[in-house]
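Residue-level structure breakdown
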Amino acid sequence: MSSEKPIYLIAPTESGQRLAERLAALLPDARLWSAPLAELPTAWHSARQLVFLVAAGAVVRLIAPLLTHKATDPGVVVIDEAARFAISLSGGHQGGADALAEQISALLGATAVITNGSSHRALPAIDLLGKPYGWRPGRDSDWNRVAAALVAGKPVQLVQHHGLTLWQQALAQDHPFTETTTAAARVWIGAGIPDPSDLPTVRWHPRVLWLGVGCERGTSEQLLVDSIQQLLIEHQLAIEAVAGIATLDLKADEVGILALARHYDWPIKIFDAATLAACPVPHPSSIVAGCVGTPSVAEAAALTASGAGELTVEKRVFRAEGSGACTVAIATAQTEYNPEPGFLSLIGSGPGALDQLTPAAAAALAGVQVVIGYSLYIDLVRPLLKATQVIETSPITQEVARAERAIELARRGLSVAVVSSGDCGIYGMAGLVLERLAQSGWDGQSPRLEVLPGITALQAAAARVGAPLMHDFCAISLSDLMTPWEAIRKRLEAAAGADFVIALYNPRSQTRTRQIEEARAILLAHRPPETPVALVRAAFRADEQISLCTLADWPLAQVDMLTTVLIGNRATFRHGERLITPRGYPGADTDLPI
């Protein structure tokens, strides 16, 4: 997830530099800062975050003259040279130091040191609450007093009229938010401006308002700005809640509209006349239709852009001598606009033990807002998850629903991790998510996506029993839920006849028992009954079970969905409690690895 500003790694000592080089290879957007410490102000003003690999006391003295305001200062993280701790020193919330410390700790196997009060109480940072959703903070918000009330555990009134309520799923049962007005503070989330209150209040504005705009050619930017501000004020709507502008394609090059969009950083949605003409509006105009081919521009554009069924504010015409004329209407969308493209991390969590999870996967888990997966797999990684993350679990048969849910949230601008056991690209969720994206016309960029591999079941099982995969091997799933049994049977026949070492996934469930019996019969038709077999259940987990046997005495009843079955080839042999497949067959003409 790239950013315009880099993360600078500052290591004044030789041992710190070695650690910085290691971290630079693991951390996206990280760069080594090689200039003298006297030039630290340059790094300070050009970086998103600074990571110091030196004593915390020294860093305090270095950055003290540079600190100005938490809203603009970069986040500062300190790592001791032994890589035991990643300390969020400054700019924990708005500077991103808390999140960066957690990410670094996952990459290095260190302990993140986070000291802010909201983290201690497992509450979202109030000054970052709406940022992942593209919400904009309201003016005159009393951030400090409301944050203090939350940290103190005092009741805080929550009023949310618009925007995703997803963040509320992560709140602990004893959270301080309440609907009552007898509270110590107030959090207000919506498109409007709240009524005055004696309660200290913070405002977040989901961007749900779409402005339909039409104008005479050459209408000035100032008239457009004044008109929109006046309309919003009259209807008690916040300008921070504006999602963007919508207009007719004939106005796509209108100088005033383009300048207005740049001024407020608003996107512009352009529609042709036929599209707008098909939209029912309360105030169609035959005169407008005669001029531009649609009886409505402002109202139809607002409704079409927002997807709303009715207008929030019907059209209003504004004129000013020498500045032109414009028409503005407002509609409210159900879904807020988020300028972020969203991010999907497809994660392989390995066999289940946390020490078998890759550092990259652990860091990705630490950095997302939402984690989605089968409940058993989520339980295995739960110790790594933060209390403020949204965790969504579902039964094992709901893979399609999980993929679609992850895509939906990523398309709304969130960063989402989809967790599979083993490797996400081997009988995992990666293929299904990518398939659904491809079917939807995904452009490869929105949402952005990364696939993080993991130790898959056949690797974990093989490691537990020796080296059975040293020659050509294949993996076959016996589940016929998504693959016809006839296709599975043909693959078993081919693999058995070709003398592959075979790993069987999903070998047997409570209701699916016939397939494994037929699989053994196929294998016995091609391989001797003394062929070594390993049954590895829940590899690297607390309830791990390992059994070595042969094709002839294979206890089928011991096999379940958590078991991986490894069947040797004609050269595989057993030595004590180990299975070994030679790298080459006896009598081969070459000593080179096969």
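Because the structure is a prediction, the values reported are computed rather than measured.

For the rest of this paragraph, the subject is the overall build of the protein chain. Each helix and strand counted, the protein chain has 18 helices and 29 strands in total. The principal-axis extents of the C-alpha atoms in the protein chain amount to approximately 100 × 65 × 55 Å. In the protein chain, which comprises 594 residues, the share counted as buried stands at 49%. Of all intrachain contacts in the protein chain linking residues separated by at least 6 positions in sequence, the fraction that spans at least 24 positions is 68%. Positive and negative charge centroids in the protein chain, built from 47 and 58 side chains respectively, lie 2 Å apart.

Listed as buried for helix 15 (residues 430-439) are Ala430, Leu432, Val433 and Leu437. After helix 15 finishes, the residue glycine 441 shows a positive phi value of roughly 80°.

Let us look at the sheet that holds strand 22 (residues 466-467). The mixed open sheet is built from three strands, whose spatial order is 22-29-28. Here the strands that pair on one side only, and so sit at the sheet edges, are strand 22 and strand 28 (573-575). Here strand 28 runs beside strand 29 (residues 578-580); their pairing, made up of three bridges, is antiparallel. When the sheet's bridge partners are listed, arginine 574 is paired in strand 29 with leucine 579.

Right, let's talk about the nonpolar core for a bit. One finds Trp167, Val187, Leu344 and Val416 to be the most contacted residues of the largest nonpolar core, which totals 40 residues. Considering every element that reaches this core, the biggest residue donor is helix 14 (residues 399-411), with five residues. When near neighbours in sequence (up to four residues on either side) are disregarded, valine 416 contacts Phe343, Leu344, Ser345, Val368, Val370, Ile372, Ala406, Leu409 and Ala410. Ala83, Ala101, Ala110 and Ile378 belong to the second-largest nonpolar core, a separate cluster that totals 39 residues.

Bringing the packing of helix 7 (residues 221-234) against helix 8 (residues 255-264) into the picture now. Two numbers describe how helix 7 lies on helix 8: the axes approach to 8 Å, and their chain directions differ by 60°. Classified by the angle between their axes, helix 7 and helix 8 sit oblique to one another. As helix 7 packs across helix 8, the resulting crossing turns out to be right-handed. Contacts from Glu221, Leu224, Val225, Ile228 and Gln229 of helix 7 reach helix 8 at Gly256, Ile257, Ala259, Leu260, His263 and Tyr264. When grouped by side-chain class, the residues that make up the contact of helix 7 with helix 8 number seven nonpolar, three polar and one charged.

Let us now look at the sheet that holds strand 27 (residues 563-567). Strands sit in the order 23-24-27-25-26 across an open sheet of five strands; the sheet is mixed. Where the open sheet ends on each side, the last strands, each with one partner, are strand 23 (473-477) and strand 26 (545-550). Along the sheet, successive strands turn relative to each other by an average axial angle of 20°, direction set aside. Of the strand pairs in this sheet, strand 24 (residues 501-505) and strand 27 are connected by three bridges, and their pairing is antiparallel. Counterpart to leucine 504 in the pairing with strand 27 is valine 565.

Turning our eyes to something else, we now look at the side chain of serine 479. Tracing the sequence through the fold places serine 479 in the loop between strand 23 and helix 17 (485-497). Engagement of the side chain of serine 479 in a polar contact is seen with the backbone nitrogen of leucine 481, the distance being 3.4 Å. Leave out the neighbours within four places in its chain, and serine 479 touches Ile488, Asn506 and Arg512.

Within the element layout of this structure, serine 349 appears in the loop between strand 17 (343-348) and helix 12 (359-367). Among the residues examined, serine 349 registers a relative accessible area of 4% and is labelled buried. Look past the residues within four positions of serine 349 in its chain and what remains in contact with it is Leu357, Val381, Val419, Ser420, Ser421 and Gly422.

Moving on, we get to the pairing of strand 14 (residues 268-271). Two faces make up the sheet, and in a regular strand the side chains alternate between them. Pairing of strand 13 (residues 242-248) with strand 14 involves four bridges; the strand directions are parallel. Its bridge partner lying in strand 14, isoleucine 245 is registered against isoleucine 268.

Moving on, we come to the pattern of salt bridges. For the coordinates displayed, the defined rule picks out 25 salt bridges. For the salt bridge of arginine 405 with glutamate 392, the shortest nitrogen-to-oxygen distance reads 2.9 Å. Of this pair, arginine 405 sits in helix 14 while glutamate 392 sits in strand 19 (residues 390-394), and the two are 13 residues apart along the sequence. Classification of arginine 405 as partly exposed rests on a relative accessible area of 24%. Arginine 537 is paired through a salt bridge with aspartate 543; the nearest N and O atoms lie 3.5 Å apart. Its relative accessible area of 40% is what places aspartate 543 among the partly exposed residues. In this structure, a network of salt bridges that share partners links the residues Arg217, Lys251, Asp253 and Glu254.

Once that is clear, we can look at the confidence of the model for the protein chain. Put simply, the protein chain has an average pLDDT of 93, and 97% of its residues get 70 or more. Between residues 588-594, whose pLDDT stays under 50, and residues either more than four places distant or in other chains, the model counts six contacts.

Attention shifts here to the packing of aromatic side chains. Tallied over the entire structure, the rule returns eight aromatic pairs. Geometrically, the ring pair formed by tryptophan 143 and tryptophan 204 is edge-to-face, given 5.6 Å between the ring centres and 65° between the ring planes. With a gap of 61 residues between them, tryptophan 143 in helix 6 (residues 143-151) and tryptophan 204 in strand 11 (residues 201-205) connect regions that are remote in the sequence. For tryptophan 204, a relative accessible area of 3% gives the class buried. Aromatic side chains tyrosine 264 and tryptophan 266 sit 4.4 Å apart centroid to centroid with 15° between the ring planes, which places their arrangement in the stacked category. For tyrosine 264, a relative accessible area of 17% translates into the label buried. For tryptophan 266, a relative accessible area of 5% corresponds to the buried category. Directly above the aromatic system of tryptophan 210 lies the positively charged group of lysine 269, at a separation of 4.4 Å from the ring centroid.

A word on unusual backbone geometry. Omega for the bond connecting serine 446 with proline 447 falls within 30 degrees of zero, at 5°, which places this linkage in the cis form. Residue position: proline 447 is located in the loop between helix 15 and strand 21 (448-452). Phi angles above zero are rare outside glycine, and tyrosine 427 is one such case at about 55°. With respect to the secondary-structure elements, tyrosine 427 resides in the loop between strand 20 (415-420) and helix 15. A positive phi is found at aspartate 499, a non-glycine position, where the angle reads about 65°. Examined against the element boundaries, aspartate 499 turns out to sit in the loop between helix 17 and strand 24. Judged by relative accessible area, aspartate 499 falls into the buried class, the value being 15%.

Thresholds, definitions, all that
- Residues numbered from 1 in each chain as written.
- Predicted model: local features only at pLDDT ≥ 70, side-chain atom pairs only at ≥ 80, totals over all residues.
- Heavy atoms only, no water.
- Helix = DSSP H or I, 4+ residues; strand = E, 2+ residues; numbered from the N terminus.
- Buried < 20%, exposed > 50% of the residue type's maximum accessible area, 1.4 Å probe, protein only.
- Contact = heavy atoms within 4.5 Å.
- Lys, Arg positive; Asp, Glu negative; His and termini not counted.
- Charge placed at Lys NZ, Arg CZ, Asp CG, Glu CD.
- Pairing = 2+ DSSP bridges.
- Core = buried A, V, L, I, M, F, W, Y, C linked by side-chain atoms within 4.5 Å.
- Axes fitted to C-alpha atoms, helices over the stretch in contact; angles between N-to-C directions.
- Parallel < 35°, antiparallel > 145°, perpendicular 65-115°, else oblique.
- Left-handed = near helix turned anticlockwise from the far one by under 90°.
- Nonpolar A, V, L, I, M, F, W, Y, C, P; charged D, E, K, R; others polar.
- Polar contact = N/O pair within 3.5 Å; in protein donor to acceptor, adjacent residues only side chain to side chain.
- Salt bridge = Lys/Arg side-chain N within 4 Å of Asp/Glu carboxyl O.
- pLDDT = per-residue confidence, 0-100.
- Phe/Tyr/Trp six-rings, centres within 6.5 Å; stacked < 30°, edge-to-face > 60°.
- Lys NZ or Arg CZ within 6 Å of the ring centre and 35° of its normal.

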